[in-house]
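# Remarks on the overall topology
The lines below spell out each chain.
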Amino acid sequence: MIRDITIGQYYPAKSPIHKLDPRVKIISTLLYLISLFLFRSIPGYLIATVFLFGCIKLSKVPVKFILKGLKPIFILLLITILFNLFLTTGGRTLLHVWVFRVTEEGLRTAVYMAIRLIYLIMGASLMTFTTTPTALTDAIESLLHPLNRLHVPVHEIAMMMSIALRFIPILLEETDKIMKAQIARGADLDSGNIIQKAKAMIPILVPLFVSAFRRANDLAMAMESRCYRGGEGRTKMKPLIYNSRDILAYVIVVVYLVVAVAAGRFLPFHIWIF
């Protein structure tokens with residue numbers, strides 16, 4: 001399960017998506033995620049599917065690598081489906097067993113919510129796979145720059161987010177090493193009830209926290225030794241500049257958003273899945 005968590009990882013490739021300005025990718029991802037909650041019909045989701053897999057194809061990131069990131073959220077996805085399936089009422093009753101009732105509206109809502117969560121994770125993962133943490137930091141700082149007038153520490157916030165993204169794969173790798181070391185010493189991490197499994201995690205969490213604090217201290221000392229003083233007056237090795245392909249990407253995303261919302265809300269016919 002630890003190896004299946006892909007958030008924060010960067011997949012190097014030479015593709016049109018990788019070459020886009022990181023600000024374009026952040027804004028486009030936000031618009032795409034918002035669009036998933038603006039329609040509730042098959043035509044809208046078909047357009048979203050074509051757009052998503054078209055971007056994945058252009059990015060040259062393997063689909064199986066993106067789908068691998070869905071495994072850690074399987075339990076959350078299952079809980080969301082069950083809650084919407086049994087707690088949403090409306091329409092004709094399809095199944096009634098004891099106190100559980102499945103209706104047309106409940107089934108429809110559960111399916112749509114599952115699609116939204118899956119596409120949300122895939123879209124967000126595609127952004128991190130095609131953008132380095134440094135580029136993400138620069139883009140976030142640039143987008144939040146107007147908040148500097150309100151004395152918001154924009155650079156510090158962007159730096160913290162960048163460091164957090166960098167630490168995710170490092171801590172996952174460290175967790176995997178600690179688990180293997182404990183298993184080699186005879187630790188049983190799989191058997192027993194929930195309480196026993198929680199107690200078995202203590203020998204893993206303690207060295208993991210110690211390692212995390214040690215890495216954070218080493219990073220702070222390295223930044224201090226290099227005279228790091230925040231973002232005031234600092235220059236960038238690769239300044240962010242929009243070009244023609246970035247403008248074209250904005251146009252494509254806006255066209256997708258208009259077409260998807262129009263198809264999902266105003267199309268005269270609705271093709272339901274049941």
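Residues numbered from 1 in each chain as written. Predicted model: local features only at pLDDT ≥ 70, side-chain atom pairs only at ≥ 80, totals over all residues. Heavy atoms only, no water.

### A few points about the overall build of the chain
To keep it simple, the criterion reads: Only DSSP runs of H or I with at least four residues qualify as helices, and only runs of E with at least two residues qualify as strands; both kinds are numbered from the N terminus onward. Burial classes: relative accessible area under 20% of the type maximum marks a residue as buried, over 50% as exposed, and values in between as partly exposed (1.4 Å probe, protein chains only). The contact criterion used is simple: two residues touch if any of their non-hydrogen atoms lie within 4.5 Å.
Helix and strand counts for the chain come out as eleven helices and two strands. When the helices and strands of the chain are listed from N to C terminus, the series reads α-α-α-α-α-β-β-α-α-α-α-α-α. For the chain, the C-alpha atoms occupy an extent of roughly 70 × 60 × 40 Å along the three principal directions. Relative to its 274 residues, the chain shows a buried fraction of 35%. Taking all contacts inside the chain whose residues are at least 6 apart in sequence as the whole, residues at least 24 apart take part in 75%.

### Describing the environment of Gly-44
Among the secondary structure elements, Gly-44 is positioned in helix α3 (residues 42–59). For the pair Gly-44 and Gln-196, spaced 152 residues apart in sequence, the C-alpha separation works out to 46 Å.

### A short note on the pattern of salt bridges
What counts here: Here, a salt bridge means any side-chain nitrogen of Lys or Arg that lies within 4 Å of a carboxyl oxygen of Asp or Glu.
The full count for this structure, using the stated rule, is four salt bridges. In this structure, Glu-173 engages Lys-177 in a salt bridge whose closest nitrogen and oxygen atoms are separated by 3.7 Å. Of this pair, Glu-173 and Lys-177 both sit in helix α8 (residues 154–184), four residues apart, which is roughly one turn of the helix. Measuring nitrogen to oxygen at the nearest pair gives 3.6 Å for the salt bridge that ties Asp-176 to Lys-180. Here Lys-180 and Asp-176 lie together in helix α8, a separation of four residues that amounts to about one turn.

### Concerning the packing of aromatic side chains
To keep it simple, the criterion reads: Side-chain rings of Phe, Tyr and Trp (the six-membered ring for Trp) are treated as a pair once their centres are within 6.5 Å; stacked means planes under 30 degrees apart, edge-to-face means over 60, and tilted covers the remaining angles.
Taken as a whole and judged by the stated rule, the model has seven aromatic pairs. Note on Phe-51 and Tyr-256: the rings are 4.2 Å apart at their centroids and 10° apart in plane angle, and the pair reads as stacked. A residue pair is termed long-range when its members are at least 10 positions apart, and Phe-51 in helix α3 and Tyr-256 in helix α11 (residues 244–266) qualify at 205 residues. On the basis of relative accessibility, which here comes to 18%, the residue Phe-51 falls in the buried class. Summarising the aromatic geometry, the rings of Phe-65 and Phe-129 are spaced 5.0 Å apart at their centres and angled 50° between planes, so their arrangement reads as tilted. Highlighted residues: Phe-65 in helix α4 (residues 63–68) and Phe-129 in helix α6 (residues 104–129), separated in sequence by 64 residues.

### Notes on the packing of α8 against helix α10 (residues 202–225)
For clarity, the cut-off: Between N-to-C directions, angles cover 0 to 180 degrees, with each direction set by a line fitted to C-alpha atoms, over the stretch in contact for helices. Under this scheme an angle from 65 to 115 degrees is roughly perpendicular, one under 35 degrees roughly parallel, and one over 145 degrees roughly antiparallel; angles in between are oblique. What makes a crossing left-handed is the near helix being turned counterclockwise from the far one by less than a right angle; a clockwise turn instead makes it right-handed. Basically, the charged four are Asp, Glu, Lys and Arg, the nonpolar ten are Ala, Val, Leu, Ile, Met, Phe, Trp, Tyr, Cys and Pro, and anything else, Gly included, counts as polar.
In contact at an axis separation of 10 Å, α8 and α10 are set at 140° when each is read in the N-to-C sense. When the axis of α8 is compared with that of α10, the two are oblique. As for how α8 packs across α10, the hand of that crossing is right-handed. Packed against α8, whose contacting residues are Ile-163, Phe-167, Ile-170, Leu-171, Glu-174, Thr-175, Ile-178, Met-179 and Gln-182, the element α10 presents Pro-203, Ile-204, Pro-207, Leu-208, Ser-211, Ala-212, Arg-215, Ala-216 and Leu-219 at the interface. Within the contact of α8 with α10, the residues separate by chemical class into 13 nonpolar, three polar and two charged.

### What to know about the pairing of strand β2 (residues 100–103)
Basically, it comes down to this: Each pair of strands is called paired provided DSSP finds at least two bridges between the two strands.
Sheet topology note: the strand β1 (residues 93–97)/β2 ladder contains four bridges and is antiparallel. Bridged to Val-97 within β2 is Phe-100. What sits between the antiparallel neighbours β1 and β2 is a turn of two residues, in which Trp-98 has the positive phi angle 55°.

### A short note on the layout of surface pockets
Short version of the rule: The rule is simple: put a 1 Å grid over the protein atoms alone, call a set of points where a 1.4 Å probe fits but cannot get out a cavity, call an open set with protein on both sides within 12 Å along at least five of seven lines a pocket, and count a residue as lining if it has an atom within 4 Å of a point. Grid points are joined across faces, edges and corners, and a volume is the space filled by probe spheres set on the points.
Empty space within the largest pocket amounts to approximately 1,100 Å³. As for the largest pocket, its lining consists of 40 residues, and the residues nearest its centre are Thr-132, Thr-134, Ala-135, Thr-137 and Asp-138. Going through the elements one at a time, α1 (16–19), α2 (22–35), α7 (133–143), α8, α10 and α11 are the ones with two or more residues in the lining of the largest pocket. With six residues, α8 is the largest single contributor of residues to the lining of the largest pocket. Residues that form the lining of the largest pocket fall into these classes: 16 nonpolar, eleven polar and 13 charged. Of the voids in this model, the second largest pocket is the one considered here, and its volume is about 490 Å³. Forming the walls of the second largest pocket are 22 residues, and the residues nearest its centre are Ile-17, Leu-20, Phe-51, Cys-55 and Val-253. When residues of the lining of the second largest pocket are traced back to their parent elements, those giving at least two are α1, α2, α3, α6 and α11.

### What to know about α10
Formally: Each residue after the first adds 1.5 Å to the expected span of a helix.
The terminal C-alpha atoms of α10, which comprises 24 residues, lie 35 Å apart, in line with the 34 Å expected from a rise of 1.5 Å per residue. Taken as a whole, α10 has its buried residues at Ile-204, Leu-208 and Ser-211. On its buried side, α10 packs onto α8 and α9 (194–200). Within two residues after α10, Cys-227 carries a phi angle of roughly 60°, on the positive side.

### Here we look at the side chain of Thr-29
Take Thr-29: it is sitting in helix α2. Residue contacts for Thr-29: discarding those within four places in its chain leaves Gly-123, Ala-124 and Met-127.

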